[in-house]
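# Coordinate inspection notes
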Amino acid sequence: MVSFTHRDVSQDEAVWVQALEHTPDLPALLPGIPDRLLVLAAHPDDETLGAGGLIAALAARGTSVDVIVATAGEGSHPDSETHTPRQLAEIREKEVRAAVAALAPGARVRLLGLPDGGLAGCRDKLSQALRDSAAAGTGTLWVAAPWRGDGHTDHDTAGETAAEFARSARIPLLEYPIWLWHWGTPEDIPSTLHAFRLDSEAAQAKRAAMASHHSQVNPLSDRPGDEVLLSPEVLAHFERPFEPFILTIPRSARGVFEELYESSADPWNFEASFYESRKRALTLAMLPRERFGRVFEPGCSIGVLTGELARRADTVTAMDISTRALRLAEQRLGPEAGVELLEGSIPENWPDGTFDLVVISEIGYFLTPGQLTETVRRAAGSLARDGVLLLCHWRHPNEGWPLTGDGVHDAFLQSSGLERLSAHVEEDFRIDVLVHPPAESVARREGLL
């Protein structure tokens, strides 16, 4: 465990300049720029010191920016005789809002008010804040957060929480060191460190934002306990023409599922499991029509349900992200099944045209929140006027994935504009059948009522 204080002699910036001279550029590893940037800071000023240039540069290019500040930084001057923690919190909130406004005038700032020095006991609240912010918008998302190895308990906790969130949501994570440059040596530089080069406008915005944190870059007063927290030697580490980030790029969903199908031709035991055969029977029994014209089944896997749907449809368009799964489905179904097999994923590769039946079964929780929002829109928009949307999902937690089955169904019920015709809910899974309003029961449609 690293032990240091801000009063220690800071590592000479000239040592870092030489050590970081050949750091590879960040953009070479990330395609384009994100629609959204979510920045997590443990304390007010972390966002500026570690990622201020990134915020300014991306915002200038149209990226929407959200900044979450976990604590108010009320513990920055514990020995102050002139400022109480509450006064410091009020000062630092004003400073961080001014700093972020200098970096990205349209950015949103959210202060969680968690205890300074006590984030280790607040992981759930941090996680929920990240999930809420991610779910509040759509489009591609990057997350920037303190480095997990920074040596400050709040920074480490914030970084670990952000890393778990980014892994679950399958989004790029950019970790920014703060105190590494103070206590570390070149031997401590992580191998995945990359540089984000700052243009003159971003560098100027960062300088202005750093100056906004008056209570940290200047003494509070000339009284003992009010000494400057960030000395010129420390600030020199953040005046570079680039910002260093430890980059983590998530494994693609395609890679995850290809590995599954390489290890097993039936990774979910569709063929032998009574649980799976019963669930399929319930799924088919809940369809409110005997036959359908055009059917779309994303996430078809090896085609077990696909074959059942084909017997009740004119055509089935079945899609999966895994090439291996589609080969197995092709072998199972044969050329006479009336099934078109497509490689792809939703919502990106949603087929053109309208469908009489869309079956979204056991794949919704593999989406990111943004993808789920777009999937709801595409599903409702492609459904024929008398079409049917059937949802079926596992209700228990899926470790490593951002959504739950209940959350997926709730998103459709709240945002699709469709109406629930019928539902089946039990401990393990739920099925919802949605239609355009007004929902008409089978008995009413057949004139029995």
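Scroll up for the structure.
The shown structure was predicted, so the numbers you read here are calculated from the model rather than taken from an experiment.

## Quick look at empty space enclosed by the protein
Counting across every chain of the model gives two cavities of 30 Å³ or more. In this model, the largest cavity occupies a volume close to 60 Å³. Along its surface, the largest cavity is lined by Leu49, Gly50, Tyr176, Pro177, Lys206, His237, Phe238, Glu239, Arg240, Phe242, Glu243 and Pro244. Broken down by element, the residue count for the lining of the largest cavity peaks at three residues, all from strand β7 (residues 242–248).

## Focus: the side chain of aspartate 356
Here aspartate 356 lies in strand β11 (residues 355–361). Within the structure, aspartate 356 has its side chain in polar contact with the backbone nitrogen of arginine 294 (distance 2.7 Å). The residues contacting aspartate 356, other than those within four sequence positions of it, are Arg289, Phe292, Gly293, Arg294, Ala384, Asp386, Gly387 and Val388.

## Focus: the sheet that holds strand β10 (residues 339–343)
In sheet architecture, strand pairing relies on hydrogen bonds along the backbone and comes in two forms, parallel and antiparallel. Read from one edge to the other, the open sheet built from seven strands follows the order β10-β9-β8-β11-β12-β14-β13, with strand pairing classed as mixed. Two strands in the sheet have a free side with no partner beyond their single neighbour: β10 and β13 (419–425). Each strand axis lies, on average, 15° off the axis of its neighbour in the sheet, ignoring direction. Across two bridges, the pairing between strand β8 (residues 292–298) and β11 is parallel. From the neighbouring strand, phenylalanine 296 faces β11, where its bridge partner is valine 358. Across the sheet, helix α13 (residues 323–333) lies against β9 (313–320) and β10, angled at about 170° from β10, the strand it touches most. Running at roughly 140° to strand β12 (residues 383–394), helix α14 (residues 369–382) makes contact with β11 and β12 of the sheet.

## Considerations on the packing of α14 against helix α15 (residues 405–415)
At their nearest, the axes of α14 and α15 sit 10 Å apart, and the two run at 50° to each other. Accordingly, the angle class assigned to the pair α14 and α15 is oblique. Note that α14 runs across α15; the crossing there is right-handed. Of the residues in α15, those touching α14 at Leu372, Thr375, Val376 and Ala379 are Gly407, Val408, Ala411, Phe412 and Ser415. Of the residues belonging to the contact of α14 with α15, the class tally is six nonpolar, three polar and no charged.

About the criteria used
- Starting from 1, residues in each chain are numbered consecutively following that chain's sequence as written.
- Reporting of local features is limited, given that this is a predicted model, to residues whose pLDDT is at least 70; pairs of side-chain atoms are given and counted only at 80 or more, and all residues count toward the totals for whole chains, interfaces and linings.
- Side-chain descriptors were evaluated using all non-hydrogen atoms of the structure, hydrogens and water having been removed beforehand.
- Buried and open spaces are told apart on a 1 Å grid over the protein atoms alone, a cavity being a set of points where a 1.4 Å probe fits but cannot get out and a pocket being an open set with protein on both sides within 12 Å along at least five of seven lines. Residues with an atom within 4 Å of a point are the lining residues.
- Grid points are joined across faces, edges and corners, and a volume is the space filled by probe spheres set on the points.
- Only DSSP runs of H or I with at least four residues qualify as helices, and only runs of E with at least two residues qualify as strands; both kinds are numbered from the N terminus onward.
- In protein, a polar contact requires one atom able to donate a hydrogen and another able to accept it; more generally it is a pair of N or O atoms within 3.5 Å, and residues adjacent in sequence count only if both atoms are side-chain atoms.
- We call two residues contacting when some pair of their heavy atoms lies within 4.5 Å.
- Criterion used throughout: strands pair if DSSP finds at least two bridges between them.
- Axes, fitted as lines to C-alpha atoms, cover a helix only where it is in contact. Angles between the N-to-C directions of the axes lie from 0 to 180 degrees.
- Working definition: roughly parallel below 35 degrees, roughly antiparallel above 145 degrees, roughly perpendicular at 65 to 115 degrees, and oblique for all remaining angles.
- Handedness of a crossing follows from how the near helix is turned relative to the far one, being left-handed for an anticlockwise turn of less than a right angle and right-handed for a clockwise one.
- Classes in brief: Ala, Val, Leu, Ile, Met, Phe, Trp, Tyr, Cys and Pro nonpolar; Asp, Glu, Lys and Arg charged; the others, Gly included, polar.

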